[in-house]
Amino acid sequence: MPKETVIAAAEMFKASKFAIIYFGMGVTQTRARYKNGDNVSSLVSDLNQTNKVVMMPMRGHYNVTGFGQVAAWEAGFPMALDFARGYAYYNPGETGTNDILMRKEADAFITGAADPGAHFPQESVKHLFKIPAIQVDGYANPTTEFSDVVIPAAIAGVECEGTAYRMDCQPIRMKKLIDTTFKSDEEILTDLINKVRELKGGA
Amino acid sequence: MAEMIIKNGVVYDPANGVNGEKNEICIKDGKIVESVGAGARIIDAEGCVVMPGGVDGHTHCAGKINVGRVMSPHDMRYRPIPGLSGQEARTKLLRPQVGYNTPNTHAIGYRYSKLGYTTIAEAAIVPMMARHMHEEFEAIPILDKLGLVLMGSNWQVMQYIADGDSEKLKAYVAWLLLAARGYGVKVVNPGGGSNWTWGKNVTSIDDKVIDFDVTPAQILLGLAEANESLKLPHSIHVHCNNLGVPGNLPTTLATMKLLEKVKASRDRQVMHLTHLQFHSYTGTSWMDFTSGAADIADYMNKHDHLTFDMGQVIFGPAMTMTADGPTEYRNARMFDAKWSNYDEELEDASGVVPLSYTPYSFAHAVMWAIGLELALLVKDPWKVMFTTDNPNGGSFVNYPEGQALLMSDKKRQEVIKGFPDMAMDRMSLQNIDRELDWNEIATMTRAMPAKMLGLTEKGHLGAGADGDVAIYDIAPEKVDPSVEHEAVKKALSFAKYTIKGGEVVVADGEVTATPKGKVYWVNAYEGVLQAEKDRLMADIKERFAKYYSIQLANYMVEDAYLPRPVEIRPEAI
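Everything numeric here is computed off the predicted structure, so don't read it as measured data.

J.: Describe in detail the sheet that holds strand β7 (residues 49-52) of chain B, supporting the description with residues and values.
T.: Residues and elements named next belong to chain B. As summarised here, the arrangement of the seven strands in space is β3-β2-β7-β19-β20-β21-β22, forming an open sheet in which the pairing is mixed. Strands with a single pairing partner mark the edges of an open sheet, and in this sheet they are β3 (18-21) and β22 (510-511). Pairing between β7 and strand β19 (residues 469-472): four bridges, direction antiparallel. Pairing of methionine 51 across the sheet is with alanine 470, part of β19. Each of β2 (10-13), β3, β7 and β19 touches helix α15 (residues 438-453); the most contacted strand, β7, lies at about 30 degrees to it.

Quick look at the structure:
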């Protein structure tokens, strides 16, 4: 990047009354990963010595922020949860979905409200073709191609109620507009866990 | 629900004047009653202290705490107090537990219950985000909950105060409580949250708020008068300007004096000052700062219009979280710590920063001393609530440590011995030998918080109260808290029994049942005149059309988020 661009950006910040840096996967998923984000946050912290500047992640996938929120209050961490110990263990790089798929450790897979078939690395998707996979979703997508069981779900905000968190963490009520014969994600997952408990005799 | 009788315990029920008497407590259908039948379940409290269930009137337990969780995966492994912190696997009854300062919601419910607490008040939520608070409330088992709603930097509040339109302000305060399903009015660093939008702050109660022709003093008075005019069960709940700044004592005293001119509409304070420890510093910098607790206590002892909570510091890691956005930025810079910041559109700001208190820092040592000094120098325990401003001063699981310290001068002197010399001439705790008794502890943790909040069915054991009882395995006639610090701490950490709504939820320090708690909220909007409502709604519609990033239709918290609500009408109590 030419020096002039950096100086132009600095001038923009200094001239602003309230600046926001939106950052996306170009920052978090390229080489150095979280270190890139660390650099942005250091910059933001320093800029606040003179101007009000904040940063906000550009989240994708509809209610991904809501998943992070619920996972954090329920289990303590926003993602990469491993419950094998009976409580949530968290170590991105080890317990992330792709970490486990890349190591070919998973022997079954369930996904909801996401499309790993389209967005995961090829090595992960290759493994997904080899293991039993269940998809809970309102729509067919590339994930449907390798899924052994597809459970169609009602669409929150159209066919059933619920809550979604915007990427600024603002919760919004999802309203039901029309009737459907499909079950909501929550009902499907509750049915599944009840059946698993019945089969395994667990709590 | 079945009947229950608690026998042979030594009962402390300060609200009903019961000070260490061997009374029987009867519960029927979840409520305290005068008597029960012969078939009632007998709880033998021989050799135990019996108190109403604990009430925490100021804790950060839902909302911002989730930011703290995301920021501090390391906290999930902290286990300084086995049984009340760290990772614990699920059981047939209990969900997995992790964390210390920012535990998951289930752990919050279990651990407060183990401490004998049955009611908690989330200290600060912006109305916009209230839906989130209620979602977390629903995931906190056992406890009854309520939320205080941030109004001290709200654009419309400031506008109505600048306009001198007290009727519209009153209607708006009532509407915000309805919108958020909140319980009371919270004011954090009045005006400062709005100035923080531009990276600025206020430094006294007489500074002007940018873009609004008001001062923090006017915001405080305006909201206090609206609060009293609506006869809300709780008073305004205030986090003063200049939190954590050496030399903030004059600001705090000025705030206290300011409220002398407001008349309480109920038998309670006109202002609750929260985490007063962080607001009781003299000096001009950290180098020359000293405890201002004596001045604060002197004022409190001479006046009856205020209550406060301690904001006691606990040594070790903590997680600061507050709507005081500029303070959190300052903390993050001072400690080179992680920083999270929120700017909540027209409503307020907030931030979250982890930090750690150590007795080897003279500043932290003095802060630790100030919290205790305040509680000990203020003579009337009905003016004091025990808190750590969880988890700002430390995790709530340390409440027994703090309470036991209030009961033992010997233990306090032991701790003080380890302090650096530089701390000693900045504090006075080493010269205070007052030791609180069980009745005073019961007041500061039960009776006073319930009265301060206006929760008539909490904090006491008279007929009609909720059947919330804590039974601690310690015999007051045998154990001297002034010398047996560890025994007191252990008893208060793991209740022999905690009874919630007539159900045993903790036995021998272990959680035995996980019922769902109620959520209290105040509906004062019902009582607002239709003409005032019409005038207000015209403004609100305009604000939403012009400024908010969400629609008015998506703003009000829906009934679905409060499956077990308790709606309180101010005129009904």
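There is more to say, and it comes next.
J.: If you had to explain the interface of chain B and chain A to someone new, which residues and values would you point to?
T.: Opposite the 43 residues of chain B that make contact, chain A presents 37 residues. Summed over both partners, the interface of chain B with chain A buries about 3300 Å², with 53% contributed by carbon and sulfur atoms. The largest contributions to the chain B side of the interface with chain A come from Glu135(B), Trp198(B) and Arg333(B), which together make up 14% of the buried area. Here chain B and chain A share four salt bridges between them. Residue Glu74(A) pairs with Arg95(B) through a salt bridge whose shortest N-O separation is 3.1 Å. Inspection of the region where chain B meets chain A yields 22 residue pairs in polar contact (both at pLDDT 80 or more). Among the elements of the structure, α1 (64-71), α2 (105-114), α3 (130-139), α10 (325-335) and β16 (340-344) of chain B are those that each provide at least two residues to the side of chain B that touches chain A.

J.: Give me the domain arrangement of chain A: which residues, what numbers.
T.: As far as domains go, chain A holds domain 1 (3-57) and domain 2 (61-95). Relative to domain 2 of chain A, the C-alpha centre of domain 1 of chain A lies at a distance of 27 Å.

J.: Which residues make up the pairing of strand β24 (residues 565-568) of chain B, and what values go with them?
T.: All names here are of chain B. Where burial is concerned, the two faces of β24 differ: the one with Val566 and Ile568 is buried and the one with Pro565 and Glu567 is not. With four bridges connecting them, strand β23 (residues 519-522) and β24 associate as parallel partners. Looking across to β24, one finds that valine 519 is bridged to proline 565.

J.: Describe helix α5 (residues 166-180) of chain B, naming the residues involved and giving the relevant values.
T.: All names here are of chain B. With 15 residues, α5 extends 21 Å between its outermost C-alpha atoms, agreeing within 8% with the 21 Å of an ideal straight helix rising 1.5 Å per residue. Across the 15 residues that make up α5, a large majority, twelve, are buried. Listing the buried residues of α5 in full gives Lys168, Leu169, Ala171, Tyr172, Val173, Ala174, Trp175, Leu176, Leu177, Leu178, Ala179 and Ala180. Among the residues trailing α5, arginine 181 stands out with phi positive, at a value near 50 degrees.

J.: Quick rundown of the pattern of salt bridges? Include the residues and the values.
T.: Residue and element names in this part refer to chain B. All chains considered together, the criterion is met by 44 salt bridges over all chains. In this structure, aspartate 466 engages lysine 31 in a salt bridge whose closest nitrogen and oxygen atoms are separated by 2.6 Å. Taken as a pair, aspartate 466 in the loop between α15 and β19 and lysine 31 in strand β5 (residues 31-33) lie far apart in primary sequence, 435 residues in all. On the basis of relative accessibility, which here comes to 27%, the residue lysine 31 falls in the partly exposed class.

J.: Kindly report on the packing of helix α8 (residues 249-258) of chain B against helix α9 (residues 293-302) of chain B, identifying the contributing residues and their values.
T.: Working note: a packed helix pair is described by the angle between its axes plus the distance between those axes. All names here are of chain B. Where α8 contacts α9, the two axes come as close as 10 Å, and the packing angle between them is 10 degrees. With respect to α9, the axis of α8 lies roughly parallel. On α9, the residues that touch Leu249, Thr252, Leu253, Met256 and Lys257 of α8 are Asp295, Ile296, Tyr299 and Met300. Here the residues of the contact of α8 with α9 sort into six nonpolar, one polar and two charged.

J.: Hey, could you go over the side chain of Asn439(B) for me, with residue numbers and the actual values?
T.: Residue and element names in this part refer to chain B. Here asparagine 439 is to be found in helix α15. Taking relative accessible area as the criterion, asparagine 439 reaches 17% and is therefore assigned buried. Contacts of asparagine 439, omitting those with residues within four sequence positions, involve Tyr12, Pro14, Val18 and Asn19.

J.: Run through the state of the cysteines, naming residues and quoting values.
T.: Residue and element names in this part refer to chain B. Within this structure, the stated rule accounts for zero disulfides over all chains. This cysteine, cysteine 26, is not joined by any disulfide, and cysteine 48 carries the nearest cysteine sulfur, 17 Å off. For cysteine 26, a relative accessible area of 6% translates into the label buried.

J.: Please give an account of the side chain of Asp56(B) that cites residues and values.
T.: Residues and elements named next belong to chain B. Structurally, the position occupied by aspartate 56 is in strand β8 (residues 54-59). Despite its burial, aspartate 56 pairs with no opposite charge; the closest candidate is arginine 446, at 10 Å N-O. Within the structure, aspartate 56 has its side chain in polar contact with the side chain of tyrosine 112 (distance 2.6 Å). Setting aside chain neighbours within four positions, we find aspartate 56 in contact with Tyr112, Tyr117, Thr119, Ile120, Ala121, Thr387 and Tyr399.

J.: Please set out the packing of aromatic side chains residue by residue, giving values where relevant.
T.: Under the criterion given, the structure shown has 25 aromatic pairs over all chains. For the pair Tyr160(B) and Tyr172(B), a centre-to-centre distance of 5.9 Å together with 90 degrees between the ring planes defines the contact as edge-to-face. With Tyr160(B) in helix α4 (residues 155-163) and Tyr172(B) in helix α5, this residue pair connects regions lying twelve residues apart in the sequence. Assigned by exposure class, Tyr160(B) and Tyr172(B) land together as buried. Three or more aromatic residues joined by ring pairs form one cluster here, namely Tyr160(B), Tyr172(B), Trp175(B), Phe544(B), Tyr548(B) and Tyr555(B). The cationic tip of Lys17(A) hangs over the ring face of Trp198(B); the distance from NZ or CZ to the ring centre is 4.7 Å. Above the face of the Trp521(B) ring, Arg181(B) is positioned so that its terminal group lies 4.6 Å from the ring centre.

J.: Go over the sheet that holds strand β17 (residues 348-357) of chain B with me, naming the residues and quoting the values.
T.: All names here are of chain B. Ordered by their spatial adjacency, three strands build an open sheet running β15-β17-β16, and the pairing between neighbours is antiparallel. What marks the edges here is a single partner per strand, and that holds for β15 (316-322) and β16. Each strand of the sheet is rotated relative to its neighbour by a mean of 10 degrees, with strand direction disregarded. The strands touched by α1 within the sheet are β15, β16 and β17, with β17 carrying the most contacts at an inclination of about 45 degrees.

J.: An account of the pairing of β19(B) is requested, with residue identities and associated values reported.
T.: All names here are of chain B. Burial along β19 is two-sided: the face carrying Val469 and Ile471 and the face carrying Ala470 and Tyr472 are both buried. One ladder, built from three bridges, connects β19 with strand β20 (residues 497-500); its direction is antiparallel. Across the sheet, the residue bridging to valine 469 is isoleucine 499, located in β20.

J.: Account for the nonpolar core, with residues named and values stated.
T.: All names here are of chain B. In this structure, Trp175, Leu223, Leu259, Leu406 and Tyr555 are the most contacted members of the largest nonpolar core, which totals 172 residues. Sorting elements by how many residues they give to this core places helix α11 (residues 362-377) first, with twelve residues. What tryptophan 175 contacts, discounting residues up to four positions off in sequence, is Tyr525, Leu536, Met537, Ile540, Phe544, Leu552, Tyr555 and Met556. Judged by nonpolar contacts, the second largest core, of 19 residues, contains Ile6, Ile32, Ala465 and Ile471.

How each quantity is defined
Residues numbered from 1 in each chain as written. Chains lettered and ligands numbered in written order. Predicted model: local features only at pLDDT ≥ 70, side-chain atom pairs only at ≥ 80, totals over all residues. Heavy atoms only, no water. Pairing = 2+ DSSP bridges. Helix = DSSP H or I, 4+ residues; strand = E, 2+ residues; numbered from the N terminus. Contact = heavy atoms within 4.5 Å. Axes fitted to C-alpha atoms, helices over the stretch in contact; angles between N-to-C directions. Buried area = accessible area lost by both parts, 1.4 Å probe. Salt bridge = Lys/Arg side-chain N within 4 Å of Asp/Glu carboxyl O. Polar contact = N/O pair within 3.5 Å; in protein donor to acceptor, adjacent residues only side chain to side chain. Domains from an automatic or database assignment. Buried < 20%, exposed > 50% of the residue type's maximum accessible area, 1.4 Å probe, protein only. Expected span 1.5 Å × (residues − 1). Parallel < 35°, antiparallel > 145°, perpendicular 65-115°, else oblique. Nonpolar A, V, L, I, M, F, W, Y, C, P; charged D, E, K, R; others polar. Disulfide = S-S within 2.5 Å. Lys, Arg positive; Asp, Glu negative; His and termini not counted. Phe/Tyr/Trp six-rings, centres within 6.5 Å; stacked < 30°, edge-to-face > 60°. Lys NZ or Arg CZ within 6 Å of the ring centre and 35° of its normal. Core = buried A, V, L, I, M, F, W, Y, C linked by side-chain atoms within 4.5 Å.

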